[in-house]
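# Examination of the molecular architecture
Spelled out from the first residue to the last, the chains are:
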Amino acid sequence: MALLDEKLQYHLQVTAEQVGKYVIMPGDPGRVAKIAERLDNPKHIATNREYVTYTGSLNGVPVSVTSTGIGGPSAAIAIEELIRCGCHTFIRVGTSGGMNRKVTGGDLVIASAAIRGDGTSAEYLTPDYPAVADFDVVTAISTAAKKLSTTEEGNTYHVGVVQSKDSFYGEIEPENMPIAPHLVNRWNAYVKSGCLASEMEAATLFAVTLVRGVRAGAVLTALWNVERSKAGMPDKVCKSSARAIECAVEAIRQLKDSEK
């Protein structure tokens, strides 16, 4: 297609020469500049729609930060176009709502796999194929999280399965949906199965990168935990992603150093 033949990526408005092979991917465009501050000599590359891209470096190796917007469809576009630019390692930095009662607001959740409640991953994988993160990326994120965490509630980390969904309000207000019984029963099943947290992009990220032969991981800040609240347990509310950002940057530093 002529629309996609140019070196300049249609949605991101970037070229291969402008981005690093390692990419940190927040959902929120407003978070990109804050993450880029953690890099050396960050420069704004492009802004188009929900996509904002900065590129800097870590110890001389180019690293980019690109926002995905909310949800799987826009995330898949960003990932596909970055892969077309030669990018091979992706770490999502996002937020989530805790589901497992051991997760408290402020904790880090590192996704080893994602329940495919999104629609986008169905365009990439058969229904019975799991959306899993890359082992090396998960290991690097976990190693970084261990250094940045304590055993204190709200300052620790967890590794495991998360739920990815397409409807934010279907999660937090399921009783207002026509299919409320289905949503509630499914949620309860996920909780009983040990699912750590709920978010909106990880399954898509893992599906696209699996199919394209590159690697990805995700580190999420738990904002709060509705299951703790329902059980009358204490729960912190966290609005800062600073520790997750630091974790992703350190993980990329580890990954690039191991590949020298």
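As a reminder, the structure under discussion sits directly above these lines.
## Overview of the overall build of the protein chain
The secondary structure content of the protein chain amounts to eight helices and ten strands. The C-alpha radius of gyration of the protein chain comes to 18 Å, within 12% of the 18 Å expected for a compact globule of 260 residues. Its C-alpha atoms give the protein chain principal-axis dimensions of about 50 × 45 × 30 Å. Burial analysis of the protein chain (260 residues in total) assigns 52% to the buried set. Pairs at least 24 apart in sequence give 77% of the contacts found in the protein chain among residues at least 6 apart. A total accessible area of about 11,700 Å² is found for the protein chain, and carbon and sulfur atoms account for 54% of it. Placing the 27 positive and 29 negative side-chain charges of the protein chain at their respective mean positions leaves the two points 4 Å apart.

## With respect to the pattern of salt bridges
Under the defined criterion, the tally for this structure stands at eleven salt bridges. Among the salt bridges present, the one from K236 reaches E152, with a minimum N-O distance of 3.6 Å. Taken together, the residues span a long stretch of sequence, with K236 in the loop between α7 (226-230) and α8 (242-258) and E152 in the loop between α3 (135-148) and β8 (157-165) at a distance of 84 residues. Residue classification places K236 among the partly exposed residues on the basis of a relative accessible area of 40%. Through salt bridges with shared partners, one network takes in R92, E199 and E201.

## Remarks on helix α5 (residues 180-192)
Between its terminal C-alpha atoms α5 stretches 18 Å, which fits the 18 Å expected from 13 residues at 1.5 Å a residue. Among all positions in α5, only A180, L183, W187 and Y190 are buried. Around the axis of α5, the buried residues are gathered within 100° of arc, so they sit on the same side. Across from the buried face of α5, at angles greater than 90 degrees, the exposed residues are P181, N185 and K192. Where α5 is buried, its residues meet β6 (108-117), β8, α4 (168-172), β9 (197-199) and α7. G194 occupies a position one or two residues after α5 and carries a positive phi of about 90°.

## Quick look at the pairing of β6
As paired elements, β6 and β8 share nine bridges and run parallel to each other. Within β8, the residue paired with I110 across the bridge is V159. Examined bridge by bridge, β6 and strand β10 (residues 215-225) share three bridges and lie antiparallel to one another. Bridge pairing links L108 to T221 in β10. Where β6 lies against strand β7 (residues 131-132), two bridges are found, and the strand directions are antiparallel. Bridge pairing in β7 places A113 opposite V132.

## Considerations on the environment of T221
Tracing the sequence through the fold places T221 in strand β10. According to the relative accessible area criterion, T221 is buried, its value standing at 2%. C-alpha of T221 to C-alpha of G106: the two residues are 115 residues apart in sequence and 6.0 Å apart in space.

The rules behind each value
Residues numbered from 1 in each chain as written. Predicted model: local features only at pLDDT ≥ 70, side-chain atom pairs only at ≥ 80, totals over all residues. Heavy atoms only, no water. Helix = DSSP H or I, 4+ residues; strand = E, 2+ residues; numbered from the N terminus. Rg over C-alpha atoms; globule rule 2.2 N^0.38 Å. Buried < 20%, exposed > 50% of the residue type's maximum accessible area, 1.4 Å probe, protein only. Contact = heavy atoms within 4.5 Å. Areas by Shrake-Rupley, 256 points an atom, 1.4 Å probe, with all protein chains shown as cover. Lys, Arg positive; Asp, Glu negative; His and termini not counted. Charge placed at Lys NZ, Arg CZ, Asp CG, Glu CD. Salt bridge = Lys/Arg side-chain N within 4 Å of Asp/Glu carboxyl O. Expected span 1.5 Å × (residues − 1). Arc of directions from axis to C-beta. Pairing = 2+ DSSP bridges.

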